[in-house]
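In case you want the letters, here they are:
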Amino acid sequence: MDDTLRGVELSDGRTVPRTAMFVAPAFRAHDAVLVALGCAFDDSGWVVTDPAGRTSVPGVWAAGNVANPGAQVISAAGAGSTAAIAINGDLVMADATALARLGGISGVQNAGS
């Protein structure tokens, strides 16, 4: 037996002869963690992010197919890289702000100011 498509069986039992078929994928984000954390979602059910991947919950970022149903591997990887850069920047700024509060350095402003 080979894997060649010969037909499509319908729900009424009839078989329609076919040699090719297209099936639309059903996109569904694996977003249970984002839902549990309380992130905002758009009307289509995708998590809302800013261009850097920040969600509506401070300290939570999202990238790839959980935020963009059209993202392919390369664009999802790029979005992940963008989010990683933003995360690193926020962590560095938080450390610098904490140090400034302790009197270690001056002239550092919070990124949210």
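Let us look at the structure shown here. (Residues numbered from 1 in each chain as written. Predicted model: local features only at pLDDT ≥ 70, side-chain atom pairs only at ≥ 80, totals over all residues. Heavy atoms only, no water.)

## Details of the side chain of Asp31
Within the fold, Asp31 resides in the loop between β2 (15–17) and α1 (32–37). For the buried Asp31, no salt bridge is present, and the opposite-charge side chain at shortest range is Arg28, 5.1 Å distant. Setting aside its immediate chain neighbours within four residues, Asp31 contacts Phe41, Gly45 and Val66. (Helix = DSSP H or I, 4+ residues; strand = E, 2+ residues; numbered from the N terminus. Buried < 20%, exposed > 50% of the residue type's maximum accessible area, 1.4 Å probe, protein only. Lys, Arg positive; Asp, Glu negative; His and termini not counted. Salt bridge = Lys/Arg side-chain N within 4 Å of Asp/Glu carboxyl O. Contact = heavy atoms within 4.5 Å.)

## Considerations on the environment of Ala62
Here Ala62 is to be found in the loop between α1 and α2 (73–101). Separated by 31 residues in the primary sequence, Ala62 and Asp31 have C-alpha atoms spaced 9.6 Å apart. Not counting residues up to four positions away in its chain, the partners in contact with Ala62 are Leu34, Val47, Thr49, Gly53 and Thr55.

## Here we look at α2
With 29 residues, α2 extends 42 Å between its outermost C-alpha atoms, agreeing within 8% with the 42 Å of an ideal straight helix rising 1.5 Å per residue. Within α2 the residues assigned to the buried category are Ala76, Ala83, Ala86 and Thr97. Directly after α2, the chain includes Gly103, whose backbone phi takes a positive value near 90 degrees. (Expected span 1.5 Å × (residues − 1).)

## Remarks on the pattern of salt bridges
Pairs can form between side chains of opposite charge once their charged atoms are near each other. Counting across every chain of the model gives four salt bridges. Asp90 is the salt-bridge partner of Arg54, the closest N and O atoms lying 3.0 Å from each other. Of the two residues, Arg54 is situated in the loop between α1 and α2 and Asp90 in helix α2; the sequence distance between them amounts to 36 residues. When salt bridges with common partners are traced through the structure, they connect Asp50, Arg54 and Asp90 into a single cluster.

## Considerations on a nonpolar patch on the surface
Taken together, the side chains of Leu5, Met21 and Val23 define a hydrophobic patch exposed on the protein surface, amounting to about 280 Å² of accessible area. Within the secondary structure layout, Met21 lies in the loop between β2 and α1. Judged by its relative accessible area of 48%, Met21 is partly exposed. (Patch = residues over 30% accessible without salt bridge, like charges linked within 9 Å, V, L, I, M, F, W, Y side chains within 5 Å. Areas by Shrake-Rupley, 256 points an atom, 1.4 Å probe, with all protein chains shown as cover.)

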